[in-house]
Every structure is written in C-alpha cells, then in structure tokens.
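# Fold and geometry: a report
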Amino acid sequence: MLKLCGFHVSNYHNKVRIALLEKGIAFEEDATIRPSQKEAWLTRSPMGKVPILEVDGTTLTESQVICEYLEDAYPEKPLLPKDALARAKVRELATHIEWHMEMVVRRLYTQAFFGGTVSDEVKQAVDKDITRGVRTLKALAKFEPFIAGKELTLADCAAFVHLPLVSLSTKLVLGRDALESVPQVKDYLKGLRARPAFAQVDEDRKAAAAAMAAAKKT
Ligand SMILES: N[C@@H](CCC(=O)N[C@@H](CS)C(=O)NCC(=O)O)C(=O)O
C-alpha cells in the first residue's frame with residue numbers, strides 16, 4: 001500500500017495527491033505532517049520537506065520523482081504521453097513551472113502569507129525573474145485545453161497547484177498579478193477544477209487553510 005504524507009495546504013503534496021486520484025491508485029494518506037527539521041522526521045524525509053510517499057517500507061521524496069514513480073509503477077491511466085519527445089515536453093513544462101516560477105515567487109510567501117516582510121531587493125529580484133518565467137510559460141504552454149496539449153498530464157497537476165500561488169503572491173507583494181498577461185490561465189484552471197480529483201484537492205486545501213487561519217487566531 002502507498003502512503004502519502006504531508007498536509008493539504010502544501011502545493012507539492014497536492015500535486016502528488018491529484019496525480020494519485022486522477023490515476024485511480026488506491027493510497028493511504030497522513031495529512032497531518034508538516035515540514036520539520038526534527039530528527040524523527042529527518043529519518044523519513046532527509047531534507048525535512050513534505051510530501052513523501054511510503055512504498056512498502058521505502059520512502060520517496062521530491063514530488064516530481066514521486067509522480068514519475070507512479071507513472072512507471074501504474075501505467076494504466078497515463079499522465080505522460082507515450083512518445084519520448086512529447087514526454088520530455090511535459091516534463092519541460094512541469095520543471096519550468098516549479099523551478100522558474102513557483103520557486104521564484106516562494107521568496108515572497110513570508111510577506112504574502114505569513115505576516116513577515118521581504119526587502120525591496122528581494123522584491124526587485126523576484127519581479128525580474130518572474131517576468132522571465134512568465135515569458136517562458138507563454139512560449140511553452142498550449143492550453144488546448146490542457147497545458148501541454150490535448151491530454152491531461154503531470155504538467156497540469158503541477159500548474160494547478162502552483163499557478164494560483166504565482167498570481168496571488170505577486171498580487172499581494174508586488175502589487176501586480178504576474179500572470180495578468182496570460183489570460184488563458186483563468187479558464188484553464190476553471191476547466192481543471194471541473195474534474196473531480198482537482199475539485200476535491202482544491203476543496204480540501206481551502207478547508208485546511210481556513211482551519212490553519214482559525215487556529216492562528218486562538
Ligand atoms: N522540490 C520539493 C519541494 C517540496 C517543498 O518545498 N515542500 C514544502 C511544503 S509545500 C516544504 O516542505 N517546505 C519546508 C522546507 O522547505 O523546509 C518537491 O517537489 O517535493
């Protein structure tokens with residue numbers, strides 16, 4: 001049995017959860033796990049991050065690695081095309097969104113979501129880098145209706161969880177939605193939300209975020 005560990009506000013946890021649900025793979029979940037540098041968690045996740053996937057006593061980290069494992073082990077409902085080059089194009093999009101978009105705006109999260117502040121220097125650096133990231137997204141994304149073309153892929157699992165954070169964090173901290181110049185994103189995300197797996201993960205994310213906010217107030 002597979003066990004996914006993390007929490008429902010984590011975009012990386014949610015990406016893996018969507019892939020599992022879309023592929024119809026049976027899994028257990030522990031959604032009470034937060035990132036931690038405590039020894040007990042480091043023995044399961046050496047970087048201290050979430051999510052992890054436990055597979056028969058073996059632990060896998062890194063959401064993309066986990067998703068690729070799921071593709072290899074459960075090929076029945078594929079989230080990657082058969083053709084090698086088409087597969088690479090999907091990975092290119094997912095990698096781009098994570099490393100050149102989400103990881104860039106992540107530097108704003110302290111101020112956007114956790115009551116801290118980020119320096120003007122960081123804001124300027126993020127502004128410059130996310131502009132490059134969005135320009136590249138426009139060059140790579142298809143929206144036909146899925147981000148990599150006509151079929152749902154792992155790139156959609158990534159885009160669905162990360163692109164809203166790109167919009168929200170830049171709006172809140174830089175005063176402009178970095179994805180404003182990609183109007184297709186809105187309908188694209190709406191289309192994904194119409195799928196039960198995406199809708200469930202999104203609803204659970206909202207409920208978990210509300211519970212976290214309520215707990216902070218008490
Ligand atoms: N590249 C990792 C990123 C995972 C990640 O950064 N997860 C966040 C939660 S959304 C985390 O654990 N943050 C704590 C930390 O970076 O120490 C993946 O794809 O799994």
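Worth saying up front: this structure is predicted, and the values here are computed from it rather than measured.

### With respect to unusual backbone geometry
In the segment running from Val 50 into Pro 51, the intervening peptide bond is cis, with an omega of 5 degrees. The residue Asp 56 is not glycine, and still its phi comes out positive at about 45 degrees. Even without being glycine, Phe 143 reaches a positive phi, approximately 50 degrees. Following the sequence through the fold, Phe 143 ends up in the loop between α6 (120–140) and α7 (154–174). Using a count of 15 C-beta atoms within 10 Å as the deciding quantity, one classes Phe 143 as partly exposed.

### With respect to the pairing of strand β2 (residues 27–30)
In this sheet, β2 lies alongside strand β1 (residues 2–5) in parallel orientation, the contact comprising 4 bridges. By the bridge assignment for β2, Leu 2 is matched with Phe 27.

### Overview of helix α4 (residues 84–105)
The end-to-end C-alpha separation of α4 is 31 Å, in line with the 32 Å expected for 22 residues at 1.5 Å each. The sharpest bend along α4 measures roughly 25 degrees and falls at Glu 98. Among all positions in α4, only Val 90, Leu 93, Ala 94, His 96, Ile 97, Glu 98, Met 101, Glu 102, Val 104 and Val 105 are buried.

### A look at the site of the ligand
What surrounds the ligand is the set Ser 10, Asn 11, Tyr 12, Pro 35, Gly 48, Lys 49, Val 50, Glu 62, Ser 63 and Gln 64. Elements with a minimum of two residues in the shell around the ligand: α1 (11–23) and α3 (63–73). Considering only residue class, the shell around the ligand consists of 3 nonpolar, 5 polar and 2 charged.

Here is what the cut-offs are and how they apply
- Residues numbered from 1 in each chain as written.
- Predicted model: local features only at pLDDT ≥ 70, side-chain atom pairs only at ≥ 80, totals over all residues.
- Helix = DSSP H or I, 4+ residues; strand = E, 2+ residues; numbered from the N terminus.
- Buried ≥ 20, exposed ≤ 12 C-beta atoms within 10 Å, placed from the backbone.
- Pairing = 2+ DSSP bridges.
- Expected span 1.5 Å × (residues − 1).
- Bend = angle between axes of the 7 residues up to and from the residue.
- Near = placed C-beta within 6 Å.
- Nonpolar A, V, L, I, M, F, W, Y, C, P; charged D, E, K, R; others polar.

None of the figures reported here should be taken as evidence of function without further support.
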